[in-house]
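# Reading the structure
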Amino acid sequence: MIHLNWKDAPTIKTILCTNTDAKKYLVSNVLTVGKEYEVKNETEEFYFIIDNTGLVGGYYKDYFA
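No experiment lies behind these values; they were computed from the predicted model shown. (Residues numbered from 1 in each chain as written. Predicted model: local features only at pLDDT ≥ 70, side-chain atom pairs only at ≥ 80, totals over all residues. Heavy atoms only, no water.)

### Side note on the overall build of the chain
We apply this condition: For the purposes of this entry, the term helix denotes a DSSP run of H or I that reaches at least four residues, the term strand denotes a run of E that reaches at least two, and both are numbered from the N terminus. Residue exposure (1.4 Å probe, protein chains only): buried if accessible area is under 20% of the type maximum, exposed if over 50%, otherwise partly exposed. The contact definition used throughout considers only heavy atoms, calling two residues in contact when any of these lie within 4.5 Å.
Looking only at helices and strands, the chain has 0 helices and 4 strands in total. Helices and strands appear in the chain in the N-to-C order β-β-β-β. With the principal axes as the frame, the chain shows a C-alpha extent of 30 × 25 × 20 Å. The burial tally for the chain puts 26% of its 65 residues in the buried class. Here the contacts in the chain between residues at least 6 apart in sequence split such that 41% fall between residues at least 24 apart.

See the structure below:
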């Protein structure tokens, strides 16, 4: 259950949100275009970041530059 410690883990890098144009999910209420987010973990398909709710969430890499 390593994901329980991600919020307190050191930041890997910061990334910039470039769009919130999701085909299936609504992400515009938790991501802001033009805002930088702290990456806590990364996989091939997802970034795990601290979003606008203050919690760690996993988002497709398509939303970031």
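### Overview of the pairing of strand 3 (residues 46–50)
Walk down a regular strand and you will see the side chains alternate between the two sheet faces. Put simply, the rule is: Two strands are counted as paired when DSSP detects at least two bridges linking them.
Bridge count for strand 2 (residues 36–42) against strand 3 is 3 bridges, and the pairing is antiparallel. Note that in strand 3 the partner of Asn 41 across the bridge is Phe 48. Turn length for the strand 2-strand 3 hairpin, with the two strands adjacent in sequence and antiparallel, is 3 residues. Adjacent in sequence and paired antiparallel, strand 3 and strand 4 (residues 56–60) are bridged by 5 residues, among which Gly 54 carries a positive phi angle near 90°.

### Thoughts on the nonpolar core
We count it as follows: Definition of nonpolar core: a set of buried residues of the types Ala, Val, Leu, Ile, Met, Phe, Trp, Tyr and Cys, connected through side-chain atoms within 4.5 Å.
Ile 15, Cys 17, Val 27, Val 30, Leu 31, Tyr 37, Val 39, Tyr 47, Ile 49, Tyr 59, Tyr 63 and Phe 64 together form the largest nonpolar core, which totals 12 residues. Broken down by secondary-structure element, the contributors of at least two residues to this core are strand 2 and strand 3. Beyond its immediate sequence surroundings of up to four residues, Val 30 is in contact with Tyr 37, Asp 51, Asn 52, Thr 53 and Tyr 59.

### Observations concerning the sheet that holds strand 2
Convention followed: Geometry is summarised by axes, namely lines fitted to C-alpha atoms with helices restricted to the contacting stretch, and by angles between N-to-C directions that run from 0 to 180 degrees.
In space, the 4 strands of this open sheet follow the order 1-2-3-4, with antiparallel pairing throughout. The strands lining the two open edges of the sheet, one partner per strand, are strand 1 (13–16) and strand 4. Taking each pair of neighbouring strands and ignoring which way they run, the sheet shows an average axis angle of 50°.

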